[in-house]
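A closer look at the structure
For reference, the chains in residue letters:
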Amino acid sequence: MIHSMSGGVIRDQGSYVFVKVAVDGDPAPRWYITEFDVEEGDRVSVPIARAQTPAPAIVLRVESNVSGQVTPIPLRSAKRIIAKL
């Protein structure tokens, strides 16, 4: 349990594996959460846009054991990798 500087308790938000990917045909990399065992260079399928359309992508970076309090993108807007290709 972690305590804040003001004496309150900060809720534990768990830990996650964040993956930075390059979607085929899109120059901007994106962050996703994964439950799969992936490594840099792996091909994955990720949801894109509001329609959650699956798109192929390549893994650029894997960040393991990321606290829910210091995620690279807001946790509530993070999408999950669909599958490893």
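All of the points below concern the structure found in this document. (Residues numbered from 1 in each chain as written. Predicted model: local features only at pLDDT ≥ 70, side-chain atom pairs only at ≥ 80, totals over all residues. Heavy atoms only, no water.)

Topic: the overall build of the chain
Put simply, the test is: The numbering of helices and of strands both runs from the N terminus, where a helix is a DSSP run of H or I of at least 4 residues and a strand a run of E of at least 2. Contact between two residues is taken to exist if any of their heavy atoms lie within 4.5 Å; hydrogens are not considered. For the accessible areas, the method is Shrake-Rupley and the probe is 1.4 Å, while residue cover comes only from the protein chains on display.
Counting secondary structure elements, the chain contains 0 helices and 7 strands. From first element to last, N terminus to C terminus, the chain shows the α and β order β-β-β-β-β-β-β. Expressed as a percentage of contacts within the chain between residues at least 6 apart in sequence, the contacts between residues at least 24 apart total 59%. For the chain, the computed accessible surface area is about 5700 Å², with 53% contributed by carbon and sulfur atoms.

Some remarks on the sheet that holds strand β6 (residues 53-67)
Strands belonging to one sheet form pairs held by backbone hydrogen bonds; the direction of such a pair is parallel or antiparallel. Quick note on the threshold: Strand pairing is assigned whenever DSSP detects at least two bridges linking the two strands.
The antiparallel open sheet is built from 5 strands, whose spatial order is β4-β3-β6-β5-β7. Only two strands of the sheet have a single partner each, and these edge strands are β4 (30-33) and β7 (83-84). Bridge analysis of strand β5 (residues 43-48) against β6 gives 6 bridges, and the strand direction is antiparallel. Looking across to β6, one finds that Val44 is bridged to Ala57.

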